[in-house]
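Fold and contact review
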Amino acid sequence: MTHKKSYLMEEVFLRRLISEQLKVVDDTGDQTDNRSNTTSKSVDSGTVGSLKGIKYVSVPNRQAAQNAMLEFSAWKNGRLKEKKKEAYPLLKKYWDDLGDWPESRWKPTETAWSAAFISYVMKKSGDDFYNSAAHTTYATKALQNRNKLIADPKSLTGVQHVLFLKGEAEPDVGDVMFYVREGSLEGWMSGGGGQRPSHTDIFIGGGKGIGGNLSNSVSKTKAMKKHTAIIKKIKI
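Every value quoted in this text rests on a predicted model; they were computed, and no experiment measured them.

**Description of the overall build of the chain**
What the chain contains, in helices and strands, is six helices and eight strands. When its helices and strands are written in sequence order, the chain yields α-β-β-α-α-α-α-β-β-α-β-β-β-β. Expressed as a percentage of the 236 residues in the chain, the buried residues total 48%. Within the chain, contacts between residues separated by at least 24 positions form 63% of all contacts whose residues are at least 6 apart in sequence. In the form shown here, the chain has an accessible surface area of approximately 11,800 Å², with 50% of it arising from carbon and sulfur atoms.

**Things to note about the pairing of strand S3 (residues 159-165)**
Most of S3 is tucked away, with six of its seven residues classed as buried. Across seven bridges, S3 lies against strand S8 (residues 229-235) in antiparallel orientation. From the neighbouring strand, Gln160 faces S8, where its bridge partner is Ile234.

**A closer look at the environment of Pro108**
Note that Pro108 resides in the loop between helix H3 (88-98) and helix H4 (114-124). The sequence separation of Pro108 and Lys81 amounts to 27 residues, and the corresponding C-alpha distance is 9.7 Å. If near-sequence neighbours (up to four positions away) are discounted, Pro108 is found in contact with Glu82, Tyr88, Leu91 and Trp113.

**Comments concerning the confidence of the model for the chain**
Mean pLDDT for the chain: 85, with 80% of residues reaching 70 or above. Under a pLDDT of 50 for its full length, residues 1-9 has, in the predicted model, two contacts with residues more than four places off or in other chains. Across residues 23-47, where pLDDT falls below 50, the model places 55 contacts with residues more than four positions away in sequence or in other chains.

**Some remarks on the pairing of strand S7 (residues 217-222)**
The side chains of a regular strand alternate, residue by residue, between the two faces of the sheet. Bridging between strand S6 (residues 208-214) and S7 involves five bridges; their strand directions are antiparallel. Bridging from a neighbouring strand, Lys208 pairs with Lys222 of S7.

**A few points about the nonpolar core**
Among the nonpolar cores identified, the biggest contains 45 residues, and Trp75, Tyr94, Leu163, Trp188 and Ile231 are the most heavily contacted of them. The element contributing the most residues to this core is H4, with seven residues.

**What to know about the pattern of salt bridges**
Following the criterion strictly, the structure yields six salt bridges and no others. We note a salt bridge from Asp175 to Lys232, for which the minimum N-O separation is 2.6 Å. You can see Asp175 sitting in the loop between S3 and strand S4 (176-180) and its partner Lys232 sitting in strand S8, a full 57 residues away along the chain. Taken as a pair, Asp175 and Lys232 share a single burial class, namely buried.

About the criteria used
Residues numbered from 1 in each chain as written. Predicted model: local features only at pLDDT ≥ 70, side-chain atom pairs only at ≥ 80, totals over all residues. Heavy atoms only, no water. Helix = DSSP H or I, 4+ residues; strand = E, 2+ residues; numbered from the N terminus. Buried < 20%, exposed > 50% of the residue type's maximum accessible area, 1.4 Å probe, protein only. Contact = heavy atoms within 4.5 Å. Areas by Shrake-Rupley, 256 points an atom, 1.4 Å probe, with all protein chains shown as cover. Pairing = 2+ DSSP bridges. pLDDT = per-residue confidence, 0-100. Core = buried A, V, L, I, M, F, W, Y, C linked by side-chain atoms within 4.5 Å. Salt bridge = Lys/Arg side-chain N within 4 Å of Asp/Glu carboxyl O.

Below is the structure:
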(Lines give C-alpha, C1' and ligand atoms only; values in the text may rest on other atoms or scores of the structure.)
Protein backbone atom coordinates (compact mmCIF):
# COMPACT_ATOMS: atom_id res chain seq x y z
CA MET A 1 0.00 0.00 0.00
CA THR A 2 1.48 3.40 -0.91
CA HIS A 3 1.94 6.21 1.60
CA LYS A 4 -0.68 8.26 -0.29
CA LYS A 5 -3.30 5.52 0.00
CA SER A 6 -2.44 5.02 3.65
CA TYR A 7 -2.86 8.75 4.32
CA LEU A 8 -6.20 8.85 2.53
CA MET A 9 -7.50 5.86 4.52
CA GLU A 10 -6.33 7.50 7.76
CA GLU A 11 -8.08 10.79 6.87
CA VAL A 12 -11.32 8.96 6.02
CA PHE A 13 -11.12 7.15 9.36
CA LEU A 14 -10.49 10.40 11.24
CA ARG A 15 -13.41 12.16 9.55
CA ARG A 16 -15.72 9.26 10.40
CA LEU A 17 -14.52 9.21 14.01
CA ILE A 18 -14.94 12.99 14.35
CA SER A 19 -18.42 12.85 12.85
CA GLU A 20 -19.40 10.20 15.40
CA GLN A 21 -17.95 12.28 18.25
CA LEU A 22 -19.89 15.35 17.17
CA LYS A 23 -23.07 13.27 16.93
CA VAL A 24 -22.54 12.07 20.49
CA VAL A 25 -22.28 15.69 21.62
CA ASP A 26 -25.56 16.48 19.85
CA ASP A 27 -27.39 13.43 21.20
CA THR A 28 -26.32 13.94 24.80
CA GLY A 29 -27.72 17.47 24.88
CA ASP A 30 -24.50 19.06 26.17
CA GLN A 31 -25.39 21.97 28.44
CA THR A 32 -22.93 24.29 26.71
CA ASP A 33 -24.58 23.71 23.33
CA ASN A 34 -27.35 26.22 22.57
CA ARG A 35 -29.10 24.31 19.77
CA SER A 36 -31.83 23.00 22.05
CA ASN A 37 -32.86 26.62 22.57
CA THR A 38 -31.74 28.40 19.45
CA THR A 39 -34.23 31.25 19.63
CA SER A 40 -32.87 33.23 22.54
CA LYS A 41 -32.78 36.50 24.39
CA SER A 42 -29.64 37.78 26.04
CA VAL A 43 -29.50 39.12 29.56
CA ASP A 44 -28.48 42.61 30.63
CA SER A 45 -24.71 42.91 31.05
CA GLY A 46 -25.10 46.16 33.00
CA THR A 47 -21.69 47.43 31.85
CA VAL A 48 -21.20 48.07 28.16
CA GLY A 49 -24.73 47.91 26.80
CA SER A 50 -27.08 45.00 26.49
CA LEU A 51 -28.46 42.70 23.81
CA LYS A 52 -31.54 42.09 25.92
CA GLY A 53 -34.62 41.70 23.75
CA ILE A 54 -32.73 40.83 20.57
CA LYS A 55 -34.24 37.65 19.17
CA TYR A 56 -31.96 35.46 17.12
CA VAL A 57 -31.38 31.93 15.90
CA SER A 58 -27.94 30.49 16.49
CA VAL A 59 -26.20 29.21 13.35
CA PRO A 60 -23.88 26.34 14.29
CA ASN A 61 -20.84 25.50 12.17
CA ARG A 62 -20.21 21.79 12.54
CA GLN A 63 -17.67 21.85 9.70
CA ALA A 64 -15.50 24.31 11.62
CA ALA A 65 -15.53 22.00 14.65
CA GLN A 66 -14.63 19.04 12.45
CA ASN A 67 -11.80 20.97 10.78
CA ALA A 68 -10.44 22.00 14.17
CA MET A 69 -10.43 18.39 15.33
CA LEU A 70 -8.62 17.30 12.17
CA GLU A 71 -5.93 19.91 12.79
CA PHE A 72 -5.69 18.79 16.42
CA SER A 73 -5.06 15.27 15.14
CA ALA A 74 -2.44 16.55 12.65
CA TRP A 75 -0.62 18.07 15.62
CA LYS A 76 -0.70 14.64 17.29
CA ASN A 77 -3.23 15.76 19.88
CA GLY A 78 -0.94 18.54 21.07
CA ARG A 79 2.23 16.45 21.25
CA LEU A 80 3.77 17.90 18.07
CA LYS A 81 5.49 21.20 18.89
CA GLU A 82 5.97 24.20 16.62
CA LYS A 83 9.79 23.93 16.58
CA LYS A 84 9.70 20.46 15.04
CA LYS A 85 10.38 20.11 11.32
CA GLU A 86 7.11 18.20 10.90
CA ALA A 87 5.14 21.23 12.12
CA TYR A 88 6.54 23.63 9.52
CA PRO A 89 4.20 22.68 6.64
CA LEU A 90 1.21 22.94 8.99
CA LEU A 91 2.21 26.46 10.03
CA LYS A 92 2.96 27.40 6.43
CA LYS A 93 -0.53 26.51 5.24
CA TYR A 94 -2.07 28.73 7.93
CA TRP A 95 0.08 31.71 6.93
CA ASP A 96 -0.29 31.05 3.20
CA ASP A 97 -4.07 31.06 3.56
CA LEU A 98 -3.98 34.68 4.78
CA GLY A 99 -2.51 35.72 1.45
CA ASP A 100 -0.07 38.40 2.60
CA TRP A 101 2.19 36.40 4.89
CA PRO A 102 5.12 34.96 2.89
CA GLU A 103 7.68 32.85 4.72
CA SER A 104 9.92 35.89 5.13
CA ARG A 105 7.36 37.47 7.50
CA TRP A 106 7.10 34.71 10.09
CA LYS A 107 9.17 32.25 12.10
CA PRO A 108 7.75 29.10 13.73
CA THR A 109 8.81 29.87 17.29
CA GLU A 110 8.78 33.69 17.18
CA THR A 111 5.58 34.74 15.40
CA ALA A 112 2.24 34.24 17.15
CA TRP A 113 0.11 32.05 14.89
CA SER A 114 -3.06 31.42 16.91
CA ALA A 115 -5.20 33.86 14.91
CA ALA A 116 -3.85 32.52 11.62
CA PHE A 117 -4.90 29.06 12.79
CA ILE A 118 -8.44 30.21 13.62
CA SER A 119 -8.73 32.03 10.29
CA TYR A 120 -7.60 28.96 8.37
CA VAL A 121 -10.01 26.60 10.12
CA MET A 122 -12.99 28.95 9.86
CA LYS A 123 -12.37 29.92 6.22
CA LYS A 124 -12.00 26.26 5.30
CA SER A 125 -15.48 25.74 6.74
CA GLY A 126 -16.84 28.45 4.43
CA ASP A 127 -16.79 31.35 6.92
CA ASP A 128 -14.77 34.22 5.42
CA PHE A 129 -15.56 36.55 8.35
CA TYR A 130 -12.28 35.34 9.85
CA ASN A 131 -9.22 36.42 7.86
CA SER A 132 -6.54 38.02 10.01
CA ALA A 133 -3.32 37.40 11.90
CA ALA A 134 -4.88 39.21 14.89
CA HIS A 135 -7.84 37.92 16.91
CA THR A 136 -9.03 41.43 17.67
CA THR A 137 -9.54 42.17 13.97
CA TYR A 138 -12.55 39.88 13.72
CA ALA A 139 -13.55 40.44 17.36
CA THR A 140 -13.76 44.17 16.64
CA LYS A 141 -16.01 43.56 13.65
CA ALA A 142 -18.27 41.44 15.86
CA LEU A 143 -18.23 44.21 18.50
CA GLN A 144 -19.27 46.76 15.88
CA ASN A 145 -22.23 44.55 14.97
CA ARG A 146 -23.11 44.29 18.65
CA ASN A 147 -23.08 48.06 19.03
CA LYS A 148 -25.28 48.48 15.96
CA LEU A 149 -27.87 46.10 17.41
CA ILE A 150 -27.82 47.87 20.76
CA ALA A 151 -28.31 51.25 19.08
CA ASP A 152 -31.01 49.98 16.72
CA PRO A 153 -32.27 46.37 16.86
CA LYS A 154 -33.49 46.70 13.28
CA SER A 155 -30.13 47.85 11.91
CA LEU A 156 -28.97 44.33 11.07
CA THR A 157 -30.81 41.45 9.45
CA GLY A 158 -29.95 38.05 8.07
CA VAL A 159 -26.85 36.09 9.14
CA GLN A 160 -24.38 38.12 11.20
CA HIS A 161 -21.42 37.64 13.53
CA VAL A 162 -22.06 39.33 16.86
CA LEU A 163 -20.02 39.60 20.06
CA PHE A 164 -21.88 38.28 23.10
CA LEU A 165 -20.61 38.61 26.65
CA LYS A 166 -20.16 35.55 28.82
CA GLY A 167 -23.53 34.96 30.43
CA GLU A 168 -25.49 36.55 27.59
CA ALA A 169 -25.40 33.38 25.50
CA GLU A 170 -23.91 29.89 25.43
CA PRO A 171 -21.43 28.85 22.74
CA ASP A 172 -22.76 26.72 19.91
CA VAL A 173 -20.65 24.27 17.91
CA GLY A 174 -18.36 26.29 15.65
CA ASP A 175 -18.65 29.52 17.65
CA VAL A 176 -15.40 31.34 18.43
CA MET A 177 -14.67 32.05 22.10
CA PHE A 178 -12.66 35.19 22.86
CA TYR A 179 -10.72 36.90 25.65
CA VAL A 180 -8.21 39.74 25.92
CA ARG A 181 -4.83 39.02 27.49
CA GLU A 182 -4.23 42.57 28.72
CA GLY A 183 -6.68 44.81 30.55
CA SER A 184 -10.39 44.06 30.83
CA LEU A 185 -12.87 43.04 28.18
CA GLU A 186 -15.14 45.93 29.20
CA GLY A 187 -12.31 48.42 28.78
CA TRP A 188 -11.49 47.04 25.34
CA MET A 189 -15.16 47.20 24.31
CA SER A 190 -15.69 50.71 25.71
CA GLY A 191 -12.77 51.88 23.58
CA GLY A 192 -14.36 50.48 20.46
CA GLY A 193 -12.16 47.41 20.27
CA GLY A 194 -8.98 47.56 18.23
CA GLN A 195 -5.67 45.78 18.50
CA ARG A 196 -4.79 44.20 21.84
CA PRO A 197 -3.12 40.93 22.91
CA SER A 198 -5.92 38.37 22.87
CA HIS A 199 -6.85 34.80 22.04
CA THR A 200 -9.69 32.78 20.55
CA ASP A 201 -10.64 29.10 20.46
CA ILE A 202 -13.25 27.23 18.43
CA PHE A 203 -16.02 25.57 20.43
CA ILE A 204 -16.28 21.89 19.42
CA GLY A 205 -18.95 20.78 21.90
CA GLY A 206 -18.65 18.72 25.06
CA GLY A 207 -17.46 21.75 27.02
CA LYS A 208 -14.25 21.91 24.96
CA GLY A 209 -12.54 24.28 22.57
CA ILE A 210 -9.57 23.94 20.23
CA GLY A 211 -7.02 26.66 19.59
CA GLY A 212 -3.60 27.18 18.06
CA ASN A 213 -0.29 28.35 19.53
CA LEU A 214 -1.21 26.88 22.93
CA SER A 215 1.71 25.13 24.63
CA ASN A 216 3.50 25.56 21.27
CA SER A 217 0.95 23.34 19.54
CA VAL A 218 -2.75 22.95 18.74
CA SER A 219 -4.47 22.08 21.99
CA LYS A 220 -7.85 21.57 23.58
CA THR A 221 -9.15 24.04 26.16
CA LYS A 222 -12.00 24.15 28.65
CA ALA A 223 -14.79 26.19 27.10
CA MET A 224 -15.53 29.55 28.74
CA LYS A 225 -12.96 29.07 31.51
CA LYS A 226 -10.78 31.98 30.40
CA HIS A 227 -13.04 33.19 27.62
CA THR A 228 -15.13 36.24 28.46
CA ALA A 229 -17.03 36.63 25.19
CA ILE A 230 -18.32 34.65 22.21
CA ILE A 231 -18.30 35.59 18.55
CA LYS A 232 -21.59 33.99 17.56
CA LYS A 233 -22.88 33.45 14.07
CA ILE A 234 -26.59 34.19 14.28
CA LYS A 235 -29.60 34.78 12.11
CA ILE A 236 -31.63 37.81 13.11
